[in-house]
Amino acid sequence: MNVNETQAMLYFTAEKMVESEPTLTALDQVIGDGDHGIGMQRGFAAVRQQLQDPAFQAHDIGDLFNQIGTKLMTTMGGASGAIFGTLFRAGGKSIPGETQLTSQVLATLLNQGWRAVHQRGQAKPGDKTMVDALAAAAQTAQAEATKPLDQALAAVAKAAMAGAEQTQTMIAVFGRAKNLGERALGHIDPGAMSMAYILTFMSDYVRHSARYT
Amino acid sequence: MRKPKKLLNHPDHVRREVMRGLTCAYNGQLTTLNDHCAVYRRNIAADQVIIVSGGGSGHEPTFAGFIGKGGIDACALGEVFTSPSPDQIIAVTQAAHTGQGVLFLYGNYAGDGMNFDIAAEILAESGIQTRTLRATDDIASAPPSRINDRRGVGGIMFLYKIAGSAAQYQHYNLTQLHTLTSKANQHTRTIGVALDGCALPQASRFNFELAEDEIEMGIGIHGEAGLSRQKMTSMDETVVEMVDRLCTDLPYQSGDRLCVAINNLGALSNTELLIAAGKVGQELDKRGIIIHDMVSGHFCTALEMAGFSISFLKLDAELQALYDMPCDTLGWRK
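Residues numbered from 1 in each chain as written. Chains lettered and ligands numbered in written order. Predicted model: local features only at pLDDT ≥ 70, side-chain atom pairs only at ≥ 80, totals over all residues. Heavy atoms only, no water.

Engineer: Can you walk me through the side chain of B:Asn263 in this structure?
Structural biologist: Residue and element names in this part refer to chain B. On the secondary structure map, Asn-263 appears in strand β11 (residues 257–264). On the basis of relative accessible area, Asn-263 is assigned to the buried category, the value being 1%. A polar contact of 2.7 Å, which involves the side chain of Asn-263, links it to the backbone oxygen of Cys-300. If we ignore the near neighbours within four places in the chain, the residues touching Asn-263 are Leu-273, Gly-297, His-298, Phe-299, Cys-300, Gly-307, Phe-308 and Ser-309. (Helix = DSSP H or I, 4+ residues; strand = E, 2+ residues; numbered from the N terminus. Buried < 20%, exposed > 50% of the residue type's maximum accessible area, 1.4 Å probe, protein only. Polar contact = N/O pair within 3.5 Å; in protein donor to acceptor, adjacent residues only side chain to side chain. Contact = heavy atoms within 4.5 Å.)

What follows is the structure in structure tokens.
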């Protein structure tokens, strides 16, 4: 996928994330302070506007993700803004000059993004955060790096969703859910669900568009 | 089910309209960075370390309401219950700093920590030196063995007061200010209790609800769960439990001199707050603890949450001298 096609995919993803606000809010009202969905909606509405701007230009895939990350970080605030902003910015910076989004480029982006997110927030898999979805996605992306992009992305999205669902069995280490202790068992972490949604919408777009390899 | 009811213009405009209100209520003592939803104090002396805070809106007058003479210098306003973003913190720090260094002083929450850390990294590249102090006064949020994991809540007003006096009147340098504020933080403890939940401006239902005969002991200021959900009793019994927990945690002992804040979390009546204040006084008296000063009112709310918190600051000679200096902020005049 070239830069323009990737931009179209991310526009679609942003639109779908904005639409996901009620679901994410409902999840966060159970175990968080209720602002996660609203924050994601605010961030991705800003991304949607950024990508719609005729003056918007990305030199390459890395620059595209980096610019989106900066937009998320500056418009969202909160832990989510810092984390998702860091993921896109660090992921983007790890693939400078790439003009095609391939499965290998995706694997690098997710793995380097994960590393930066861990450095920023100290969360590791099992802590009931978005990292549970991201780590599963990054590992799968590496394993699928030689497959065509549509197949790799589908597997990555599936792994991320499974990772998000697994957070139901975890006791939180961060955020409000930490104070709930075992009371948060049985509930999905909203950040992990956001991570899984982002990859699912990217995958949906690629699957429903012309075949990309 | 009861629905939340708020008199607003638009839920998305809350933060900006809060900032506009702050600016009006401050009678021109604040400079506003509209593009970044941040404010700072006029007339910052050229030789002082500045104190920058920030956090989610919805806790008014915390955090920006403590800007002023003898208080903090600058503040970035996040969306309701959401930390500000790095560019807000960077912009207001760059606008207000004097070259003497910057103390970032805010509550210990993951989002605030990350966004202030990102800001500090970027500011360091432009030669602005920052040190960070995160308030950790909420005893309900982690046991003493994990004190650094505790949330910052209402007790942060004492840190603002002490740090503001030291920076503005006594010209502490950045290292001295950091050491002092850290000591004040170690001497500060808070516990809160809630009768019911609150609702975000955009939300059509409450974040949580308590049964008619229930209270939540140790609640956080975003509705975070506390120590236990328990049967509601009288104010006296509730206060006795809260004071017991506070005195056990530090501990505060006979002969100690304390400052006390009785803080409305939003929707309690002044009548209830004063009944609480009176009982706190009795309880401390019983223990031989001296009340140096007690304040009561809205300092760090959780939107409209019904409930209150009690904060203690234990004084030593240095803290007492700084505490006794005047302050002129929206949230606290002395």
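Following the structure, the description resumes.
Engineer: Could you clarify how one ought to interpret the pairing of strand β12 (residues 290–297) of chain B in this entry?
Structural biologist: Side chains on a regular strand alternate between the two faces of the sheet. Residues and elements named next belong to chain B. One ladder, built from seven bridges, connects β11 with β12; its direction is parallel. Of the residues in β12, the one forming a bridge with Leu-258 is Ile-291. Regarding the hand of the β-α-β motif, the stretch spanning β11, helix α7 (residues 270–286) and β12 is right-handed. (Pairing = 2+ DSSP bridges. Right-handed = clockwise from strand over helix to strand, strands pointing away.)

Engineer: How should I be thinking about the side chain of B:Asp137 in this particular structure?
Structural biologist: You can see B:Asp137 is positioned in the loop between β7 (130–135) and α4 (156–168). The buried charged residue B:Asp137 lacks any salt bridge partner; its closest oppositely charged side chain belongs to B:Arg151, at an N-O distance of 8.5 Å. (Lys, Arg positive; Asp, Glu negative; His and termini not counted. Salt bridge = Lys/Arg side-chain N within 4 Å of Asp/Glu carboxyl O.)

Engineer: What's the story with helix α10 (residues 190–208) of chain A in this structure? I'm lost.
Structural biologist: Since the α-helix turns once every 3.6 residues, residues separated by three or four places project in the same direction. Residue and element names in this part refer to chain A. Taking 1.5 Å as the rise per residue, α10 with 19 residues should run 27 Å; its terminal C-alpha atoms sit 26 Å apart, in good agreement. Most of α10 is tucked away: 17 of the 19 residues are buried. Backbone nitrogen of Gly-191 and a side-chain oxygen of the N-cap are separated by 3.1 Å at the start of α10; the cap is Asp-189. (Expected span 1.5 Å × (residues − 1).)

Engineer: Could you clarify how one ought to interpret the layout of surface pockets in this entry?
Structural biologist: In this structure, the second largest pocket spans a volume of roughly 350 Å³. Broken down by secondary-structure element, the contributors of at least two residues to the lining of the second largest pocket are α3 (36–52) and α4 (61–76) of chain A together with α1 (14–25), β5 (74–80) and α2 (86–96) of chain B. Element by element, the count of residues in the lining of the second largest pocket is highest for α4(A), at three residues. Grouping the amino acids of the lining of the second largest pocket by side-chain chemistry returns four nonpolar, ten polar and seven charged. (1 Å grid on protein atoms, 1.4 Å probe; cavity = no way out; pocket = protein on both sides within 12 Å on 5 of 7 lines; lining within 4 Å. Points joined across faces, edges and corners; volume = space filled by probe spheres on them. Nonpolar A, V, L, I, M, F, W, Y, C, P; charged D, E, K, R; others polar.)

Engineer: Help me understand empty space enclosed by the protein, please; the structure alone is not making it clear to me.
Structural biologist: Gaps between atoms show up when a probe of the same size as a water molecule is rolled over them. Using the criterion set out here, one finds five cavities of 30 Å³ or more in the structure. Its volume calculated, the largest cavity comes out at about 70 Å³. Lining the largest cavity, in full, are A:Asp35, A:Ile38, A:Gly39, A:Arg42, B:Pro11, B:Glu79, B:Val80, B:Thr82, B:Leu200 and B:Gln202. No other element matches the three residues that α3(A) contributes to the lining of the largest cavity. Within the lining of the largest cavity, the residues separate by chemical class into four nonpolar, three polar and three charged.

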